[in-house]
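Each chain is listed here by its residues.
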Amino acid sequence: NFGFNIPTGAMITGVTVEVEKRASGAGAIVEDNEVQLLKNGVEVGLDYRTTASWPSVDSYISYGGCNNLWGTTWIPAEINACW
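Report on the accompanying structure. (Residues numbered from 1 in each chain as written. Predicted model: local features only at pLDDT ≥ 70, side-chain atom pairs only at ≥ 80, totals over all residues. Heavy atoms only, no water.)

**Description of the packing of aromatic side chains**
In step 1: Scanning the entire structure with this criterion turns up two aromatic pairs.
In step 2: Ring geometry for Tyr 48 versus Trp 70: centroids 4.7 Å apart, planes at 90°, classification edge-to-face. Here Tyr 48, found in the loop between strand S3 (42-44) and strand S4 (59-65), pairs with Trp 70, found in the loop between S4 and helix H1 (76-80); they are 22 residues apart in sequence, far enough to count as distant.
In step 3: Stacked on the ring of Trp 74, the Lys or Arg Lys 39 has its end atom at 4.6 Å from the ring centre. (Phe/Tyr/Trp six-rings, centres within 6.5 Å; stacked < 30°, edge-to-face > 60°. Helix = DSSP H or I, 4+ residues; strand = E, 2+ residues; numbered from the N terminus. Lys NZ or Arg CZ within 6 Å of the ring centre and 35° of its normal.)

**Points about the environment of Leu 46**
In step 1: Among the structural elements, Leu 46 can be located in the loop between S3 and S4.
In step 2: A relative accessible area of 42% means that Leu 46 is categorised as partly exposed.
In step 3: The spacing of Leu 46 and Gly 64 is 18 residues in sequence and 9.7 Å in space, taken between C-alpha atoms. (Buried < 20%, exposed > 50% of the residue type's maximum accessible area, 1.4 Å probe, protein only.)

**Notes on the layout of surface pockets**
In step 1: Of the voids in this model, the largest pocket is the one considered here, and its volume is about 640 Å³.
In step 2: Lining the largest pocket we find 22 residues, and of these Phe 2, Phe 4, Leu 37, Leu 38 and Cys 82 sit closest to its centre.
In step 3: Contributions of two or more residues to the lining of the largest pocket are made by strand S1 (15-21), strand S2 (37-39) and H1.
In step 4: Taken together, the residues of the lining of the largest pocket break down into 15 nonpolar, five polar and two charged. (1 Å grid on protein atoms, 1.4 Å probe; cavity = no way out; pocket = protein on both sides within 12 Å on 5 of 7 lines; lining within 4 Å. Points joined across faces, edges and corners; volume = space filled by probe spheres on them. Nonpolar A, V, L, I, M, F, W, Y, C, P; charged D, E, K, R; others polar.)

Below, the structure written as structure tokens:
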């Protein structure tokens with residue numbers, strides 16, 4: 001539960017997701033498999049996976065942004081329901 005509490009009348013203009021990543025192990029090559037949002041438990045919108053290898057040290061990687069709706073629409077109730 002992320003604990004979002006966006007007011008009912010607010011307009012959602014974008015969604016940013018930060019993922020903590022680290023590849024470990026000698027010669028480990030780790031890539032995204034899928035980076036997509038769920039709405040009511042169902043995958044929606046665009047997949048933002050990349051083919052870039054994960055870093056070998058803990059790093060936060062951002063997907064989306066303040067003006068990026070991931071190819072779908074959002075209302076406050078849908079964001080507040082995210083778990």
